[in-house]
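Residue strings, one per chain:
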Amino acid sequence: MKIAVLALQGDFAEHRKKLEECGAETFEIRQKKDIMTEFDGLVLPGGESTVIGKLLHELDIYDILKEKIEAGMPVFATCAGMILLAEKIENDDKVHFGTMHMTVKRNAYGRQLGSFRTDAAVKGLGEVPMTFIRAPYIADTNGAEVLAYVEGKAVAAREENQVALAFHPELDENNDIYRYWLDIVKNYTK
Ligand code: GLN
């Protein structure tokens, strides 16, 4: 299994470490030539969704990645990555990949009190630690399945091979959610 980690912003190094701990091979996408190689899954780390969205176009990698995702490539998206996948952003008129049928709200916990840690159950996995940093939440879904709630707000969702998390699993010890997604990749590559 070869996983591409978008390395334009955010914790791409931490994601690679986690994925490799779970037995996957990883590499970074920094420019167009990097996506010319074959890979089985894509990780979209956090950062600032507007900046990442702009860079995807400037680097001319947006169309190729969108095509791959639409063709079923598994995606693991955290925080800003989740915003990139949402078909609608409640407080922003932009749409990036728009491949998950859900509406998200950016900076949904307020800018000052925006960072916190908690534990909550993820469907099929039990409790996992969750670190939120100026996180979005899922305000509505129109096809995406909610996998976790924190204080009544949906914070994780899956739609076919796409898994989107409002929190940052790369910052916690627990690797269950990576294994959960890597199983999706395994089934996809079978
Ligand atoms: N606030 C960021 C955004 O709206 C997301 C934050 C994050 O990725 N940690 O894009």
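Anything mentioned here points back to the structure above.
Report follows, based on the coordinates.

Definitions and cut-offs
- Residues numbered from 1 in each chain as written.
- Predicted model: local features only at pLDDT ≥ 70, side-chain atom pairs only at ≥ 80, totals over all residues.
- Heavy atoms only, no water.
- Helix = DSSP H or I, 4+ residues; strand = E, 2+ residues; numbered from the N terminus.
- Rg over C-alpha atoms; globule rule 2.2 N^0.38 Å.
- Buried < 20%, exposed > 50% of the residue type's maximum accessible area, 1.4 Å probe, protein only.
- Contact = heavy atoms within 4.5 Å.
- Areas by Shrake-Rupley, 256 points an atom, 1.4 Å probe, with all protein chains shown as cover.
- Lys, Arg positive; Asp, Glu negative; His and termini not counted.
- Charge placed at Lys NZ, Arg CZ, Asp CG, Glu CD.
- Salt bridge = Lys/Arg side-chain N within 4 Å of Asp/Glu carboxyl O.
- Pairing = 2+ DSSP bridges.
- Axes fitted to C-alpha atoms, helices over the stretch in contact; angles between N-to-C directions.
- Parallel < 35°, antiparallel > 145°, perpendicular 65-115°, else oblique.
- Nonpolar A, V, L, I, M, F, W, Y, C, P; charged D, E, K, R; others polar.
- Phe/Tyr/Trp six-rings, centres within 6.5 Å; stacked < 30°, edge-to-face > 60°.
- Lys NZ or Arg CZ within 6 Å of the ring centre and 35° of its normal.

**Let's talk about the overall build of the protein chain**
The helix and strand inventory of the protein chain stands at five helices and 12 strands. Taking 16 Å as the expected radius of gyration for a compact globule of 190 residues, we find that the protein chain reaches 15 Å, a close match to that expectation. Structurally, the protein chain occupies a C-alpha span of about 40 × 35 × 30 Å along its principal axes. Each of the 190 residues in the protein chain was classed as buried or not, and the buried ones make up 54%. Put simply, 63% of the contacts in the protein chain that link residues at least 6 apart link residues at least 24 apart. Carbon together with sulfur atoms contributes 44% to the accessible area of the protein chain, which is approximately 8600 Å² in total. Both charge centroids of the protein chain, one from 23 positive and one from 31 negative side chains, sit 2 Å from each other.

**Looking at the pattern of salt bridges**
For the coordinates displayed, the defined rule picks out 16 salt bridges. The shortest N-O distance in the salt bridge between Glu28 and Arg30 comes to 2.8 Å. The exposure class assigned to Arg30 is partly exposed, which follows from its relative accessible area of 42%. The residue Glu70 makes a salt bridge to Lys66 at a minimum N-O spacing of 3.3 Å. Linking Glu70 with Lys66, this pair stays in helix 3 (residues 62–70), spanning four residues, or about one helical turn.

**A word on the pairing of strand 6 (residues 100–105)**
Bridge count between strand 5 (residues 86–89) and strand 6: three bridges; the pairing is parallel. Pairing of Ile89 across the sheet is with Val104, part of strand 6. Pairing of strand 6 with strand 9 (residues 137–141), which is carried by four bridges, proceeds in the antiparallel orientation. Its bridge partner lying in strand 9, Thr103 is registered against Asp140.

**Focus on the packing of helix 1 (residues 12–21) against helix 5 (residues 176–189)**
Contact geometry of helix 1 with helix 5 gives a least axis separation of 10 Å together with a crossing angle of 70°. When the interaxial angle is binned, helix 1 and helix 5 end up roughly perpendicular. Of helix 5, the residues touching helix 1 (which contributes His15, Lys18 and Leu19) are Tyr178, Trp181 and Leu182. Its residues assigned to classes, the contact of helix 1 with helix 5 shows four nonpolar, one polar and one charged.

**A few points about the packing of aromatic side chains**
Counting across every chain of the model gives nine aromatic pairs. Relative to Phe116, the ring of Tyr109 has its centre 5.1 Å away and its plane inclined at 70°; by these criteria the two rings are edge-to-face. In this structure Phe116 comes out as partly exposed when scored by relative accessible area, which is 22%. Taken together, the ring pairs connect Tyr109, Phe116, Phe132, Tyr137 and Phe167 into an aromatic cluster. Between Lys2 and the ring centre of Phe27, over which it is positioned, the NZ or CZ distance is 5.1 Å.

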